[in-house]
2 protein chains.
Amino acid sequence: MSCNGHRGQMLNIKIICVGKLKEKFYIDAANEYIKRLSGYCKLEVMELPEDYQQSLIKEKVQIESKIPDGAMTVALCIEGREFDSKELSALLQDSAVKGISKICFIIGGSVGLHDDLKRNANIRFSMSKLTFPHNLARVMLLEQLYRALNISGGGKYHK
Amino acid sequence: MSCNGHRGQMLNIKIICVGKLKEKFYIDAANEYIKRLSGYCKLEVMELPEDYQQSLIKEKVQIESKIPDGAMTVALCIEGREFDSKELSALLQDSAVKGISKICFIIGGSVGLHDDLKRNANIRFSMSKLTFPHNLARVMLLEQLYRALNISGGGKYHK
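The notes below deal with the structure included here. (Residues numbered from 1 in each chain as written. Chains lettered and ligands numbered in written order. Predicted model: local features only at pLDDT ≥ 70, side-chain atom pairs only at ≥ 80, totals over all residues. Heavy atoms only, no water.)

### So, the environment of Arg124 of chain A
Residue and element names in this part refer to chain A.
Thinking step 1. Within the secondary structure layout, Arg124 lies in strand β5 (residues 123-126).
Thinking step 2. Exposure remark for Arg124: the relative accessible area of 34% places this residue in the partly exposed category.
Thinking step 3. When the C-alpha atoms of Arg124 and His134 are compared, they prove to be 16 Å apart, with 10 residues separating the residues in sequence.
Thinking step 4. In contact with Arg124, not counting residues within four places along its chain, are Ala75, Cys77, Gly80, Arg81, Lys118 and Arg119.
Thinking step 5. A distance of 3.3 Å separates the side chain of Arg124 from the backbone oxygen of Ala121, its partner in a polar contact. (Helix = DSSP H or I, 4+ residues; strand = E, 2+ residues; numbered from the N terminus. Buried < 20%, exposed > 50% of the residue type's maximum accessible area, 1.4 Å probe, protein only. Contact = heavy atoms within 4.5 Å. Polar contact = N/O pair within 3.5 Å; in protein donor to acceptor, adjacent residues only side chain to side chain.)

### Some thoughts on the sheet that holds strand β1 (residues 12-18) of chain A
Residue and element names in this part refer to chain A.
Thinking step 1. Taken together, the five strands give an open sheet; going across it, the order is β2-β1-β4-β3-β5, and neighbouring strands pair in parallel fashion. Every interior strand has two partners, whereas the edge strands, β2 (42-48) and β5, have only one. The mean angle between the axes of side-by-side strands here comes to 30°, regardless of whether they run parallel or antiparallel.
Thinking step 2. Two elements, strand β3 (residues 72-82) and β5, share five bridges in a ladder whose sense is parallel. Of the residues in β5, the one forming a bridge with Glu82 is Ser126.
Thinking step 3. Along the sheet, helix α2 (residues 56-66) contacts β1, β2 and β4 (102-107); its crossing angle with β1, the most-contacted strand, is approximately 165°. (Pairing = 2+ DSSP bridges. Axes fitted to C-alpha atoms, helices over the stretch in contact; angles between N-to-C directions.)

### Describing the relation of the copies chain B and chain A
Thinking step 1. With an RMSD of 0.0 Å, the operation that places chain B on chain A is a rotation of 180° combined with a shift of 0.0 Å along the axis. These values place the two chain copies in the arrangement generated by a two-fold rotation axis. (Least-squares fit on C-alpha atoms with pLDDT ≥ 70 in both.)

### A word on the interface of chain B and chain A
Thinking step 1. With 28 residues of chain B at the contact, the number on the chain A side is 28 residues.
Thinking step 2. Taking both sides of the interface into account, the surface hidden between chain B and chain A amounts to around 2,400 Å²; carbon and sulfur atoms contribute 63%.
Thinking step 3. The largest share of the area that chain B buries against chain A comes from Phe25, Leu130 and Thr131 of chain B, three residues that together contribute 25% of it.
Thinking step 4. The interface formed by chain B and chain A contains zero salt bridges.
Thinking step 5. Among the secondary structure elements, those contributing two or more residues to the side of chain B that touches chain A are α1 (24-37) and α5 (134-152) of chain B.
Thinking step 6. Taken together, the residues of the side of chain B that touches chain A sort by class into 14 nonpolar, six polar and eight charged. (Buried area = accessible area lost by both parts, 1.4 Å probe. Salt bridge = Lys/Arg side-chain N within 4 Å of Asp/Glu carboxyl O. Nonpolar A, V, L, I, M, F, W, Y, C, P; charged D, E, K, R; others polar.)

Nothing here speaks to function; it is all geometry.
The following block contains the structure:
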């Protein structure tokens, strides 16, 4: 049921998020999908503090230092490509087949991501034309990752 | 700060949802946005039970009977039109200006909505190409309605 790479290793997914989840309901929702994802991938969710005084360029440097070596990077941005759930699943599965064992998603804070991060990312991914707050976006991404890996694992979650 | 119609009345928004929220975190998240929306519109969220044995046509009849007379209907479906948050805000504001004081959103259950409901709706609205579960979709819609009415009210929530 797991999404395995060419040597059979489990996919490593890291999500770098700018901004902490404050609302208990978003923390609980995120934790629910993190728990469910544990059967499908090695997942790390890293929160970087959002510093409202700080420039996006400083944030960019911090984020870049946290991207695992050799990871495929996926920057979430509203102007990115919209995938449907099956396409997202295929993207993860294809990466695994190609021997890419690390994928790093990047979710910006309330003012988004520095242009360099978007430009340098392997993929720019838009979940919606609508603007969602970073906390809800994180839950949406986690649910979609669970859905994507469930699809590629042959599960029945996605109908 | 409210979105008023031509006679100055508050916009009436009804959301008809198939399926109950079970997870406490989704109930709490929905309630948070319902509370915030109370300053902007008259909101009713009506849950219809999802009957997995029941055909979509029976569900359709139930839903139709709950649509308020004279309401503009917005069916949520993945193949609908994607609005950005400002366009959604403009849609609500334009409706109010045109004297439409009632808007009814319809969110289907796990198997979606009957084709007639989508065909007969004034607007088919897609929040994303991605498939989201009905419970998360409800939270997303509530957040977007809050965002939309905050935009038209001149608030600072949307950046």
